Amino acid sequence: MTDGTQAEAGTSPARGKYAPVQLDEREILRRGLDTFAELGYAATTVRELARRLDASHNFINDRYGSKENFWRAAVDYALQDTQPALNQLLAECRDDDERLRKVVVQLYRLAANASGLNRLMSDESTRDSSRLDYLHQRFVKPFWDSIEPTVNSLMAAGRIPRVPAHILYFAVTGPALALAQDPIADRLNSAASPTAEQDRSSMADALSGLVLHGLLPPGPVTETAAGPRPTPR
């Protein structure tokens, strides 16, 4: 019996091989997502994924077919509850102001507490690839389609500036993506505890509050040569 056959059969593997993976599917996908987020897709090899899963080197290809299929499975796992939760939140809100505020707060909390997914999305958003197409299809477009009627209504009412959709998207999501940048935050923050150990939801709420203060000013927005500004009440 060869070493590879021994590993797959569950007998004692030869040195340098791994036994069949003992993790449940959720833990496999979580570790996979964290690895892609840490190393980036190109630098994440199938062998490195197997090492982190303590699995045989051909485990990924045997179960998922390819590294990219495994990446998609990890993304699906991470995003599975996002859109249903957003739809429920939108249905519970009383008006457009409340909808946009709660969506931004929830988005920032997701970004802060799911740092692996946040880092992965931040990294993939800089590259034109089939993976970005997948993220757009699975998350970005459904998210934007859900809040677009609210955004259009607030623009029509003068509550937020009339700007192209991608500008508003950057204004909302850019700071959320920054919540994955713990190393630079630690260098800027004088707090004794590392950023990663602090209350992530409180950090998210502070940042979303700052963004919303600028995005939804106290009164209707009027257009001026210098740009939008709140109209005094």
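Note that the structure is predicted; figures quoted are calculated from it, not measured.

(A) Representation of the packing of aromatic side chains. Tallied over the full model, the rule gives 9 aromatic pairs. Summarising the aromatic geometry, the rings of Phe-36 and Phe-70 are spaced 6.1 Å apart at their centres and angled 50° between planes, so their arrangement reads as tilted. Taken together, the positions of Phe-36 in helix α2 (residues 25–39) and Phe-70 in helix α5 (residues 67–79) put the pair 34 residues apart, joining distant regions of the chain. For Phe-36, a relative accessible area of 3% gives the class buried. Using a relative accessible area of 0% as the deciding quantity, one classes Phe-70 as buried. Above the plane of the ring of Tyr-41 lies Lys-67, whose end atom (NZ or CZ) is 4.1 Å from the centre.

(B) Expanded view of the layout of surface pockets. Within this model, the largest pocket holds a volume of roughly 270 Å³. Put simply, the parts of the chain that give the lining of the largest pocket at least two residues each are α7 (96–113), α8 (115–124) and α10 (165–178). No other element matches the 6 residues that α10 contributes to the lining of the largest pocket. Across the lining of the largest pocket, the residue classes break down as 11 nonpolar, 4 polar and no charged. The calculated volume of the second largest pocket comes to roughly 220 Å³. As for the second largest pocket, its lining consists of 13 residues, and the residues nearest its centre are Ala-178, Leu-179, Ala-185, Thr-195 and Met-203. Elements supplying a minimum of two residues to the lining of the second largest pocket: α11 (182–188) and α12 (200–215).

(C) Quick peek at the environment of Val-104. By the secondary structure assignment, Val-104 is in helix α7. Overall, Val-104 belongs to the buried group, its relative accessible area being 1%. Val-104 sits 100 residues away from Ala-204 along the chain, and the two C-alpha atoms are 9.7 Å apart. Sequence-distant contacts of Val-104, that is, excluding residues within four places in its chain, are made with Val-172, Ser-208 and Leu-212.

(D) Here's a closer look at the side chain of Asn-118. When you line up the elements, Asn-118 lands in helix α8. When near neighbours in sequence (up to four residues on either side) are disregarded, Asn-118 contacts Ala-111, Ala-176, Leu-177, Leu-179 and Ala-180.

(E) Structural detail: α8. Listing the buried residues of α8 in full gives Gly-116, Leu-117, Asn-118, Leu-120, Met-121 and Glu-124. Buried residues belonging to α8 abut α2, α5, α7, α9 (130–156) and α10.

(F) Molecular detail of the packing of helix α6 (residues 82–92) against α9. Packing of α6 against α9 leaves a shortest axis separation of 11 Å and a crossing angle of 5°. One element, α6, and the other, α9, form an angle in the roughly parallel class. Seen from α6, the contacting residues are Thr-82, Gln-83, Leu-86, Asn-87 and Leu-90; seen from α9, they are Phe-139, Pro-142, Phe-143 and Ser-146. Of the residues in the contact of α6 with α9, the class split is 5 nonpolar, 4 polar and no charged.

(G) Seen up close, the nonpolar core. In this structure, Tyr-64, Phe-70, Trp-71, Tyr-108, Leu-120, Ile-160 and Leu-168 are the most contacted members of the largest nonpolar core, which totals 52 residues. Examining the composition of this core, we find that 10 residues originate from one element, α9, more than from any other. Apart from residues no more than four positions distant in its own chain, Leu-120 is found in contact with Leu-33, Phe-36, Ala-37, Trp-71, Val-75 and Leu-135.

(H) A look at α5. Under the 1.5 Å per step criterion, the end-to-end length of α5 is 18 Å for 13 residues, consistent within 8% with the ideal 18 Å. All of the buried residues in α5 are Lys-67, Phe-70, Trp-71, Ala-73, Ala-74, Val-75 and Leu-79. Elements that come into contact with the buried residues of α5 comprise α2, α3 (46–53), α4 (59–64), α6, α8 and α9.

Conventions used here
- Residues numbered from 1 in each chain as written.
- Predicted model: local features only at pLDDT ≥ 70, side-chain atom pairs only at ≥ 80, totals over all residues.
- Heavy atoms only, no water.
- Phe/Tyr/Trp six-rings, centres within 6.5 Å; stacked < 30°, edge-to-face > 60°.
- Helix = DSSP H or I, 4+ residues; strand = E, 2+ residues; numbered from the N terminus.
- Buried < 20%, exposed > 50% of the residue type's maximum accessible area, 1.4 Å probe, protein only.
- Lys NZ or Arg CZ within 6 Å of the ring centre and 35° of its normal.
- 1 Å grid on protein atoms, 1.4 Å probe; cavity = no way out; pocket = protein on both sides within 12 Å on 5 of 7 lines; lining within 4 Å.
- Points joined across faces, edges and corners; volume = space filled by probe spheres on them.
- Nonpolar A, V, L, I, M, F, W, Y, C, P; charged D, E, K, R; others polar.
- Contact = heavy atoms within 4.5 Å.
- Axes fitted to C-alpha atoms, helices over the stretch in contact; angles between N-to-C directions.
- Parallel < 35°, antiparallel > 145°, perpendicular 65-115°, else oblique.
- Core = buried A, V, L, I, M, F, W, Y, C linked by side-chain atoms within 4.5 Å.
- Expected span 1.5 Å × (residues − 1).

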